[in-house]
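Observations on chain architecture
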Amino acid sequence: MLKWLWISAVTLVLDQASKLAVDGSMQLFESIPLLPYFNLTYVHNTGAAFSFLAQAGGWQRWLFAGLAVVMSSIIAVWLYRLKKHETLMAVALSLVLGGAIGNLIDRVAYGYVIDFLDVYYRNWHWPAFNIADSAICVGVGLMLLESFGVGRKTVDVLE
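The rules behind the values
Residues numbered from 1 in each chain as written. Predicted model: local features only at pLDDT ≥ 70, side-chain atom pairs only at ≥ 80, totals over all residues. Heavy atoms only, no water. Pairing = 2+ DSSP bridges. Helix = DSSP H or I, 4+ residues; strand = E, 2+ residues; numbered from the N terminus. UniProt positions renumbered as here; feature names shortened; annotations may be inferred. Buried < 20%, exposed > 50% of the residue type's maximum accessible area, 1.4 Å probe, protein only. Contact = heavy atoms within 4.5 Å.

This next bit is on the pairing of strand β1 (residues 31-35). As paired strands, β1 and strand β2 (residues 38-45) are joined by four bridges and run antiparallel to one another. When the sheet's bridge partners are listed, Ser31 is paired in β2 with Thr41. Turn length for the β1-β2 hairpin, with the two strands adjacent in sequence and antiparallel, is two residues, and the turn residue Tyr37 shows positive phi of about 75°.

Before going further, it helps to examine the UniProt feature "active site" (unreviewed entry) in the protein chain. The positions that UniProt labels "active site" (unreviewed entry) are, in the present scheme, Asp115 and Asp133. Considering the C-alpha atoms alone, the annotated residues occupy 19 residues of sequence yet fold into one spot, their largest mutual distance being 8.9 Å. Mapped onto the elements, Asp115 comes out in strand β3 (residues 113-121). Judged by relative accessible area, which is 2%, Asp115 ranks as buried. Sequence-distant contacts of Asp115, defined by excluding residues within four places in its chain, comprise Thr41, Tyr42, Val43, Asn45, Ala128, Phe129, Asn130 and Asp133.

Further remarks concern the UniProt feature "transmembrane region" (unreviewed entry) in the protein chain. The UniProt feature table records "transmembrane region" (unreviewed entry) at residues 62-80, 87-105 and 125-145. Secondary structure content for residues 62-80 is 100% helix and 0% strand, while the C-alpha to C-alpha distance between its ends is 27 Å. With 71% helix and 5% strand, residues 125-145 has its two end C-alpha atoms placed 27 Å apart.

In C-alpha cells, the structure reads:
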C-alpha cells in the first residue's frame, strides 16, 4: 500500500512550505487576526503536543526526534503490510507519517517546532499548532473510525 505515500509527501510539502512562509514573513510571537476565533500566531514549541516538556532543558529535542524516527519507521512498515482493501487505514497512516516527518524536520533543524495556527474563544487559546499536527490528528481520527468498522467492506459468509 505504498501507493498512498503521495499523501505523506503532500502533507510534508504543505507543512514545510507553510512553516517557511510564517518564519519568513512574521516575527516570533506576532499575531495576525484572520477570522473570529482564529489567528496566525508565530511560536516555537520545544516540547511535544500541547508544549509537553517544553521547559525540560533541551534533552527533550532528541527524545522526541528519536521517537518520531522510531514511530515513522513502524508506520512505514505498517503501511507496507496493509492489504489492498484497507484504504481508510492507508490514508490515516499516510497522514500521520507525513505529519510526524514534518515535525521531525523542524525538531532536528531548529530544535523546536514552528506552530502558527491559533484557535481561541475570548481569552482561552487552544495551544498553537501547525499543518503537521493537523494531519496527525486527522489521521488518528480516521484510525479510530476504522477501528469501529467505518470503511470496511463486509464479506458474504456464503461465498
